[in-house]
There are 4 protein chains.
Amino acid sequence: MVLPMQDDHFDIDGDTLHEECGVFGILGHPEAATLTALGLHALQHRGQEAAGIVTFDGRQFHSERQLGLVGDHYTNPATLARLPGHMAMGHVRYSTTGETILRNVQPLFAELEVGGIAIAHNGNFTNGLTLRRQLIASGAICQSTSDTEVVLHLIARSRRQSSSDRFLDAIGHLEGAYALVALTRTKLIGARDPNGIRPLVLGELDGKPIFASETCALDIIGAKFVRDVENGEVVICEMQANGEITIESIKPRVPVRERVCLFEYVYFARPDSVVAGRSVYGARKRMGINLAQEAPVEADVVVPVPDGGTPAAIGYAQASGIPFELGIIRNHYVGRTFIEPTQSIRAFGVKLKHSANRAEIAGKRVVLVDDSIVRGTTSVKIVQMIREAGAKEVHIRVASPMIYHSDYYGIDTPDPEKLLANQYADIEAMCRYIGADSLQFLSIDGLYKAVGGEPRNPLAPQFTDHYFTGEYPTPLTDLNGRQKNEPKQISLMREAG
Amino acid sequence: MVLPMQDDHFDIDGDTLHEECGVFGILGHPEAATLTALGLHALQHRGQEAAGIVTFDGRQFHSERQLGLVGDHYTNPATLARLPGHMAMGHVRYSTTGETILRNVQPLFAELEVGGIAIAHNGNFTNGLTLRRQLIASGAICQSTSDTEVVLHLIARSRRQSSSDRFLDAIGHLEGAYALVALTRTKLIGARDPNGIRPLVLGELDGKPIFASETCALDIIGAKFVRDVENGEVVICEMQANGEITIESIKPRVPVRERVCLFEYVYFARPDSVVAGRSVYGARKRMGINLAQEAPVEADVVVPVPDGGTPAAIGYAQASGIPFELGIIRNHYVGRTFIEPTQSIRAFGVKLKHSANRAEIAGKRVVLVDDSIVRGTTSVKIVQMIREAGAKEVHIRVASPMIYHSDYYGIDTPDPEKLLANQYADIEAMCRYIGADSLQFLSIDGLYKAVGGEPRNPLAPQFTDHYFTGEYPTPLTDLNGRQKNEPKQISLMREAG
Amino acid sequence: MVLPMQDDHFDIDGDTLHEECGVFGILGHPEAATLTALGLHALQHRGQEAAGIVTFDGRQFHSERQLGLVGDHYTNPATLARLPGHMAMGHVRYSTTGETILRNVQPLFAELEVGGIAIAHNGNFTNGLTLRRQLIASGAICQSTSDTEVVLHLIARSRRQSSSDRFLDAIGHLEGAYALVALTRTKLIGARDPNGIRPLVLGELDGKPIFASETCALDIIGAKFVRDVENGEVVICEMQANGEITIESIKPRVPVRERVCLFEYVYFARPDSVVAGRSVYGARKRMGINLAQEAPVEADVVVPVPDGGTPAAIGYAQASGIPFELGIIRNHYVGRTFIEPTQSIRAFGVKLKHSANRAEIAGKRVVLVDDSIVRGTTSVKIVQMIREAGAKEVHIRVASPMIYHSDYYGIDTPDPEKLLANQYADIEAMCRYIGADSLQFLSIDGLYKAVGGEPRNPLAPQFTDHYFTGEYPTPLTDLNGRQKNEPKQISLMREAG
Amino acid sequence: MVLPMQDDHFDIDGDTLHEECGVFGILGHPEAATLTALGLHALQHRGQEAAGIVTFDGRQFHSERQLGLVGDHYTNPATLARLPGHMAMGHVRYSTTGETILRNVQPLFAELEVGGIAIAHNGNFTNGLTLRRQLIASGAICQSTSDTEVVLHLIARSRRQSSSDRFLDAIGHLEGAYALVALTRTKLIGARDPNGIRPLVLGELDGKPIFASETCALDIIGAKFVRDVENGEVVICEMQANGEITIESIKPRVPVRERVCLFEYVYFARPDSVVAGRSVYGARKRMGINLAQEAPVEADVVVPVPDGGTPAAIGYAQASGIPFELGIIRNHYVGRTFIEPTQSIRAFGVKLKHSANRAEIAGKRVVLVDDSIVRGTTSVKIVQMIREAGAKEVHIRVASPMIYHSDYYGIDTPDPEKLLANQYADIEAMCRYIGADSLQFLSIDGLYKAVGGEPRNPLAPQFTDHYFTGEYPTPLTDLNGRQKNEPKQISLMREAG
């Protein structure tokens, strides 16, 4: 579900985009819940607001859903004892303040005539509201405001017999981006949308299959990477009566070319993950190298905006020969703190998290390397902080192109008119607003080459890139069907807790 | 929903039956949520585990559902501020430990195509599981294990247009006992089952209609009692566009004679309530008077088992001329305390709550008056405590008949084989087990006369009395449809929190 | 410590006086902490804000101090496991809101050169502030605002060798009321002030000595009552090296006649306790009997103001021949709830706790029997509630004399000018204020006769009774030493938590 | 206070040393508490277990002491509203699990005859226990087990008149390391021990004086660095009656040469701080440069062990010409999570926090740069992780010398026999234990040169360096006075909460 970013929300993480979810599942392992907790911990960067795990113990499903970090709840013995069974799946979730309520925390669960099913979802359906309205009109009761619940209702209402056939039936109605994991009494199912916008990998530990949003979730538990779930593919792992596990691959739709979301490489995925066969760290470092070639500058020191800008800054420094230094120090104790600070503390903004390393800045010409710029509000404050520390010049180099368009596939983006690129006529005006001596963005081809080795093919783009280009990979049914001034309100009910 | 009493559960409230719910609703009052909180506080004796309130503010529904007492949450300004609007309804709930989970706390809410509806329920459907299975088979997703959710699905799936017509449609499928309150965007609806097993009254404050389980909820807020909602009646209060409130009465089924549950008089209802036109305190006192006539004994002092036995003990003392004394002192600080006590504290059992007033007991012949005996386990301990305090004789007089049968209408009863009356061949054996010098129960006719003035009419009993007589007022569809050894498990999902 | 009652504090317990403490200790029992928890639970009526237990395990002292009820913390296995040892003592405490902070919760503990000592105190020193100032002037650091800490410092600074000699040394400086229990590595000490204002009893379980504020704490654990600790007596129980326990009695001062606080009988002590040889329930009932003789009235029903007025109402009813009925029903779910209610709920005041039993009140002439009247504010509301329920006449009979004077011995009393007796010229004016048809108080001689069998001896009063008479049993050093307008502030430090 | 590191404690932060405290104070600023909260947030790396703030509002002191991070409590409006006044000071604290109890959280406070005083302490007194025993012997009551309380008692017992004279009197008794901040009704005092082992700086904001452990606490609030408080200096800032602030410097003892603790540079201080005139980041980078010269190796990539090893790794890479890469990725969501994990999660150890960036490691010769090695247990696991990621060779370079000796000045060190340097005969054996291809430590002279520019002067060492050399800068009175096998137990009392 795409939730609008609130301008009056105090976002200490600054002016970044937020991904909404990470998913994980494992079938047939005696430590299923523990491994799921560890996998979700490794995926925590994809969502920090809530986490949930569902297991099946051969007789009953067990569920824990909690606000907060994975490590806050899911690693202590009491919680894990409540999650018995050899089959488990889980979800981490990001969401904006107003809607962080427990009824939306995944996995969601339904009891069907054929037995229970739990599902977890990373992505966003571009026809989710449309489907929701149709379901309610025919008597469905929606308990959450999550668009993931739509999948559950479609499964529950399918006339097919088996739960996996019902799952296939259900995803046939979906548009948009999804990496889905589902758990039934015998099956663990992984599915990726036709374009493969969100990532999902298949791994293996002690011969037991695993699905995870990123390879880093396999690494933490020592599991092997088997392959990516392909775009448009549904992989059904089933525990047979004899204890064997079978794995079946189904491609229910006509195949199209994979188009992974470029922002996975630019910002979301962990640097040690390998997404669609490409090292994220390597891609980011190449973005910095390409940026050094596209936008060189005479300077004394290359300083990353931590932590997102660090790999690109290393690349920029190596390509340019300018020394790399930690000119900004990050305070590691920010985390979930500073909830509802006073106005006077709010005013300190970026300094609660970052501080200038004066000794490396004073009197120097500084190249600041950042991964991306969204609204530019944080950049303004960082430049000001660097100048106050005595920098002679401040040059900003951004390792991705300018962002012009909203995402509808699971990235929380501000209204387009709030984006820096839409607020100023040209790059000089943006540079003046930010207060830098110069400002340069990586070109779209520079980004494509860093990630995939080739420039963008305008006839058949190799990646999902609409935030830069405006070319959306799917129809936007909900958006286009919305009446003018129609409220975005999903639920009539506001519930505390 | 009927939940089995757990034998290994440490129940400091001793060996009593538990009612499951109280309901309250008000339409058109600016202080709707506050008045609902007060009304629920007055109904707290009907359920102490959880409470919920839903309001509608003209635009949106607002919901708070919390474990704990009404006064723990619903009286502070922050909570009430989250419950704006002139329409409100609420629910207090009793439930056994294992199932006290938030998803079951009422009111339950559904968004329909025609707008939202919230419902709260006191009672139990004897065909709730049967309906649930049919709904799931046709694609419904049940989020709670509460049988109340069945009503919501029946409403959501009704083909009728208005929410009140859908409500009428839905309750046409229900068997068993119910006092229901529902809230839509313009209506407050109250309904009582055809037999009127559970009570529900209509009141009025400043011209605004109120529904409540008992009159004590009207008294606390200074509201007037208007009349009982009749058995089988649906009362629909509607806020018209011009601000007027209309009240409509519908009796969708062929009327039968009202049969209120006798246990409302024996134990559940608050003594200051008037149930179906009869003062509960007066009825209890008359039970004691009749008991003194049916089962006289020579003694020095009449001692109530607090607090349930007090009115009957006053009646017994007045009728027998034996002085009434507080021979057992109740510790008022037990409440929700003593959660999971150590085994050595558990052994103190009844003494944590009651203590013998030695000076009034020692050397005396004591008549102990209790409202009812279920398993007899607490009675054993109380007799022992009274003997240790030096009583010369201990005579137990119980102000209701022996209990032989399970309830399926919202009272939590132990398995029949655990009931004292089914464990011993005759009253002498029971008396020996309890350790008293004599033991007598009020007759069924004595109880009927105390409550209604007439003896029981065996052809058309005036009250619901199956726990004493085995004559159930409705079919027991779920029970009779259950396969032998079929698990009672309602949900495949166990959820913490 | 005497804390002023705050007028703007929402006191749902109405217009009553509050005692501050209960104490308990046991030496040589393997279940020492569990028995202490149970004893404190039985003493909970003496203080509900906080409770603490200290044990000694032969090597180390262990302490738990918690806000809340005994049963909230001290009965679960984890807490008791943190309190090992065969020696234990504990304390329950009442205090007004602003000062309910953990650093004041007893027992207080000090490490001395000769080993640790823990003490708990019921009462108040009338020279506590004076001693505190002297101690601070000589370099002592006071961590609490409790006057009990003064005793610890006096012990720590004593030049005597053994801990019991130091204890004797310390109490030599004290004026006022105290029932003290102290625990050292080998001793359990109980002490009562020279007048014996506060009660303290010596009991025995399995041959192990026990101190407790009231006998009800012995009853709950099945311990035997041995005798009262006498006024001015120090009882030292010591665990000898061979495992035997010796008990020594010391009377360090010239003996005076015992003068127990009358309010223990009127209101504080539990009805099943025996204080200074007299049954509290019996005394209260006799107050009602004497009141019926002193202040008869023609009426239809005697109604107690629950729960304090019940025994006197039973006595009044028996002596007058007017039937006793529960005309006011108490809501048992008030407890600690209703914290910081909204103004509109605050306005419901007494109705949150009490409701009129209309069927027993309407059309009747009602005698309301209460134990005492302090400011009269609650009486006004109760009379109004009874009238609204349809009473024809309301006659108030109070089972104790009018209160004119502040207490300085551990009872929290309002400023004298707030007392009803000081606000109106005569009893007729008080009656008009309260809104009753008549109002009568028990005479001081009626009270003395009810408690001790004899009228008051004005030359040597048998009890402490200054709140009625103005005759204080000890000097009021702090009060007389206080400069005009000097702030009562005890500490310079305000600490949260 | 020095607390032994527990071997069986699950320390996800691995095998590092822990500093115990940071201090901050400000005089005369209207936002005193807010600025103190921000200053403590910047000092959070010096102690994460608890934080406290004390303010004085001209009439009363106010205190908040909480377990947890600064941002968890001290930035929300309600907490800051409880801390009014223009004078504030605060403390952050590290401590091991068993002793994290509220009574030890600083600032500590005492009421003196001359008014209140609050103090906060970073460091450790080497004669703290000795002083404590003397104080108790003369009747003092110690409420905490913190050695800081000793200072309070010395102040309370001083015969001098003013609070600052008493403070001077008190610190005359202290041996060891301390950076102390004290707050009285008019004064803010900062003091550093004669050797200046722990750092303390004087800053200024809007003309108001500030004390802070490190300059980073000045930077966050935009305050100016004025100068270091000198070793052995007491700086007394006083608010005069006319509102002016005077600053007085006193050196009560014969001056000695400053000897700052080297571990402030190696590990504790934040890289952007300037300690005793030297940039910490610069010093660390020079350690890496010197290490590259002392211990070169042929390799493909320099990888820091995050985050401590990063500056040295940058220095090593620049000096050696080997590329710097983020070969280990840190999980930022570890924080306070993973409390009491199950054994199976515990086994994942370092992988919960660090993961190998396989693409940068596989097939490469890796130089791992770490800041220090204590027991080596974490190093073993990191080498193993790097090898599993496919490294061809793993060479460890440590940017400080081998640690042989315990600290007694506020650093929590394991028992000497647990230190890697004391467990193996030579560096080859250590290297084999760790599993690396080579292992080299920076020399003591290399470290001295990196920090101060000069090699160590063995006759008069410029820094505190006993952990490397065994040469302690002060007497170790407590240690030498301790009887063999005497328990280290400080208090007879164990208190929960």
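Reading guide: rules and limits
- Residues numbered from 1 in each chain as written.
- Chains lettered and ligands numbered in written order.
- Predicted model: local features only at pLDDT ≥ 70, side-chain atom pairs only at ≥ 80, totals over all residues.
- Heavy atoms only, no water.
- Helix = DSSP H or I, 4+ residues; strand = E, 2+ residues; numbered from the N terminus.
- Contact = heavy atoms within 4.5 Å.
- Areas by Shrake-Rupley, 256 points an atom, 1.4 Å probe, with all protein chains shown as cover.
- Buried < 20%, exposed > 50% of the residue type's maximum accessible area, 1.4 Å probe, protein only.
- Pairing = 2+ DSSP bridges.
- Axes fitted to C-alpha atoms, helices over the stretch in contact; angles between N-to-C directions.
- Parallel < 35°, antiparallel > 145°, perpendicular 65-115°, else oblique.
- Left-handed = near helix turned anticlockwise from the far one by under 90°.
- Nonpolar A, V, L, I, M, F, W, Y, C, P; charged D, E, K, R; others polar.
- Salt bridge = Lys/Arg side-chain N within 4 Å of Asp/Glu carboxyl O.
- Buried area = accessible area lost by both parts, 1.4 Å probe.
- Polar contact = N/O pair within 3.5 Å; in protein donor to acceptor, adjacent residues only side chain to side chain.
- Least-squares fit on C-alpha atoms with pLDDT ≥ 70 in both.
- Disulfide = S-S within 2.5 Å.
- Domains from an automatic or database assignment.
- UniProt positions renumbered as here; feature names shortened; annotations may be inferred.
- Lys, Arg positive; Asp, Glu negative; His and termini not counted.
- Phe/Tyr/Trp six-rings, centres within 6.5 Å; stacked < 30°, edge-to-face > 60°.

## A look at the overall build of chain A
Next, step 1: Each helix and strand in chain A was counted, giving 18 helices and 26 strands.
Next, step 2: Considering only contacts in chain A between residues 6 or more positions apart, those separated by 24 or more positions represent 68%.
Next, step 3: Working note: accessible area of chain A is about 16,700 Å², and carbon and sulfur atoms make up 49% of it.

## A few points about helix α16 (residues 444-452) of chain C
Next, step 1: By the burial criterion, the buried members of α16(C) are C:Gly446, C:Leu447, C:Tyr448, C:Ala450 and C:Val451.
Next, step 2: Elements in contact with the buried residues of α16(C): α8 (262-268), β17 (278-279), α9 (280-294), β25 (463-464) and α17 (466-469) of chain C.

## Regarding the sheet that holds strand β6 (residues 108-112) of chain C
Residue and element names in this part refer to chain C.
Next, step 1: The strand order across the open sheet formed by 6 strands is β6-β7-β8-β9-β13-β14, and the pairing between neighbours is antiparallel. The sheet is open, and its two edges are formed by β6 and β14 (245-250), each paired on a single side. Pairs of neighbouring strands in the sheet enclose a mean axial angle of 20°, with direction left out of account.
Next, step 2: Across 5 bridges, β6 lies against strand β7 (residues 115-125) in antiparallel orientation. Opposite phenylalanine 109, over in β7, you have alanine 118 as the bridge partner.
Next, step 3: Against the sheet, helix α5 (residues 148-157) contacts β6 and β7, and its axis sits at roughly 140° relative to β7.

## A few points about helix α15 (residues 427-434) of chain C
All names here are of chain C.
Next, step 1: Along α15, the positions that sit buried rather than exposed are Ala429, Met430, Cys431 and Ile434.
Next, step 2: Contacts made by the buried residues of α15 are with α13 (377-388), β22 (393-398), α14 (420-423) and β24 (438-441).
Next, step 3: Following α15 by one or two positions, glycine 435 adopts a phi angle in the positive range, close to 90°.

## Points about the packing of helix α4 (residues 128-137) of chain B against helix α5 (residues 148-157) of chain B
Residue and element names in this part refer to chain B.
Next, step 1: In contact at an axis separation of 10 Å, α4 and α5 are set at 45° when each is read in the N-to-C sense. Classified by the angle their axes make, α4 and α5 are oblique. As α4 runs across α5, the sense of the crossing is left-handed. Counting all contacts with α4, which are made through Gly128, Leu131, Arg132 and Leu135, the residues of α5 involved are Val150, His153, Leu154 and Arg157.
Next, step 2: Partitioning the contact of α4 with α5 into residue classes produces 4 nonpolar, 2 polar and 2 charged.

## Considering the pattern of salt bridges
Next, step 1: Throughout the structure, instances matching the rule amount to 72 salt bridges over all chains.
Next, step 2: The shortest N-O distance in the salt bridge between C:Arg46 and C:Glu214 comes to 2.7 Å. Of the two residues, C:Arg46 is situated in the loop between α1 (32-42) and β3 (50-56) and C:Glu214 in the loop between β11 (208-212) and α7 (216-220); the sequence distance between them amounts to 168 residues. Assigned by exposure class, C:Arg46 and C:Glu214 land together as buried.
Next, step 3: Close ionic contact of C:Glu258 with C:Arg192 constitutes a salt bridge, the shortest N to O distance being 2.9 Å. Of the two residues, C:Glu258 sits in the loop between β14 and β15 (260-261) while C:Arg192 sits in strand β9 (residues 187-192), which places them 66 residues apart along the sequence.
Next, step 4: Classification of C:Arg192 by relative accessible area gives buried; the value is 2%.
Next, step 5: Three or more residues joined by partner-sharing salt bridges are found here, namely A:Arg46, A:Arg198, A:Glu214 and A:Glu264.

## A short note on the interface of chain D and chain A
Next, step 1: Between chain D and chain A, the residue contacts involve 60 residues of the former and 60 residues of the latter.
Next, step 2: In total, chain D and chain A occlude about 4,800 Å² of area from one another, counting both sides; carbon and sulfur atoms represent 61% of this.
Next, step 3: A per-residue breakdown of the area chain D buries against chain A is headed by D:His41, D:Tyr281 and D:Tyr333, which together make up 13% of the total.
Next, step 4: At the junction of chain D with chain A, the criterion picks out 4 salt bridges.
Next, step 5: At the junction of chain D and chain A, the tally comes to 24 residue pairs in polar contact (both at pLDDT 80 or more).
Next, step 6: Sort the elements by how many residues they give to the side of chain D that touches chain A and helix α1 (residues 32-42) of chain D lands first, with 5 residues.
Next, step 7: Residue composition of the side of chain D that touches chain A, by class: 26 nonpolar, 20 polar and 14 charged.

## Remarks on the relation of the copies chain D and chain A
Next, step 1: Expressed as a screw transformation, the operator carrying chain D onto chain A has a rotation angle of 180° and an axial translation of 0.0 Å, and the superposed copies differ by an RMSD of 0.1 Å. The symmetry that links the two subunits is that of a two-fold axis.
Next, step 2: Looking at chain D, 100% of its interface residues are interface residues in chain A too, so the copies touch through the same face.

## A closer look at the sheet that holds strand β21 (residues 365-370) of chain D
All names here are of chain D.
Next, step 1: Read from one edge of the open sheet, 4 strands run β18-β21-β22-β24, paired in parallel fashion. At either margin of the open sheet sits one strand with a lone partner, and together these are β18 (301-304) and β24 (438-441). Between one strand axis and the next, the sheet turns through 20° on average, direction left out of account.
Next, step 2: Together, β21 and β22 (393-398) form the strand contacts of helix α13 (residues 377-388), whose direction differs from that of β22 by roughly 150°.

## Here's the deal with the state of the cysteines
Next, step 1: Scanning all chains against the criterion turns up 0 disulfides over all chains.
Next, step 2: A:Cys142 carries a free sulfur, and the closest cysteine sulfur to it, the one in B:Cys142, is 13 Å from it.
Next, step 3: Cysteine D:Cys261 remains unbridged, with the sulfur of D:Cys21 as its closest cysteine sulfur at 13 Å.

## Here's the deal with the domain arrangement of chain A
Frequently, the measure chosen for interface size is the accessible area that the parts lose on association.
Residues and elements named next belong to chain A.
Next, step 1: Each assigned domain of chain A is listed with its residue range as follows: domain 1 (18-259) and domain 2 (273-466).
Next, step 2: Each of domain 1 and domain 2 was reduced to a C-alpha centroid, and the two centroids are 33 Å apart.
Next, step 3: Taken residue by residue, the interface counts 22 residues in domain 1 and 18 residues in domain 2.
Next, step 4: Where domain 1 packs against domain 2, one counts 9 residue pairs in polar contact (both at pLDDT 80 or more).
Next, step 5: Residue assignment for the side of domain 1 that touches domain 2 shows that the elements contributing at least two residues are β1 (18-19), β7 (115-125) and β8 (176-183).
Next, step 6: For the side of domain 1 that touches domain 2, the residue count by class is 6 nonpolar, 7 polar and 9 charged.

## Observations concerning the packing of helix α9 (residues 280-294) of chain A against helix α16 (residues 444-452) of chain A
Residues and elements named next belong to chain A.
Next, step 1: With their axes 8 Å apart at the nearest point, α9 and α16 run at an angle of 145° to one another. The way α9 lies across α16 gives a crossing that is right-handed. Contacts between α9 and α16 involve Ala283, Arg286, Met287, Asn290 and Glu294 from the first element and Gly446, Leu447, Lys449, Ala450 and Val451 from the second.
Next, step 2: Across the contact of α9 with α16, the residue classes tally to 5 nonpolar, 2 polar and 3 charged.

## Section: the UniProt feature "active site" (unreviewed entry) in chain A
Residue and element names in this part refer to chain A.
Next, step 1: In the numbering adopted here, UniProt assigns the feature "active site" (unreviewed entry) to Cys21.
Next, step 2: Of note, cysteine 21 is situated in strand β2 (residues 21-27).
Next, step 3: By relative accessible area, which is 3% here, cysteine 21 ends up buried.

## A look at the side chain of A:Glu149
Next, step 1: Position of A:Glu149 among the secondary structure elements: in helix α5 (residues 148-157).
Next, step 2: Buried and unpaired, A:Glu149 has no salt bridge, with A:Arg132 as the nearest side chain of opposite charge at 4.7 Å.
Next, step 3: Other than its neighbours up to four places away in sequence, A:Glu149 contacts A:Leu108, A:Ile141, A:Cys142, A:Gln143, A:Ser144 and B:Gln143.

## Regarding the packing of aromatic side chains
Next, step 1: For the structure shown, the criterion picks out 54 aromatic pairs over all chains.
Next, step 2: On the numbers, 5.6 Å between centres and 75° between planes, the contact of D:Tyr267 with D:Phe268 is edge-to-face.
Next, step 3: What makes D:Tyr267 partly exposed here is its relative accessible area of 26%.
Next, step 4: What makes D:Phe268 buried here is its relative accessible area of 6%.
Next, step 5: Ring pairing ties together the aromatic residues A:Phe263, A:Tyr267, A:Phe268, A:Tyr467 and A:Phe468, which thus form one cluster.

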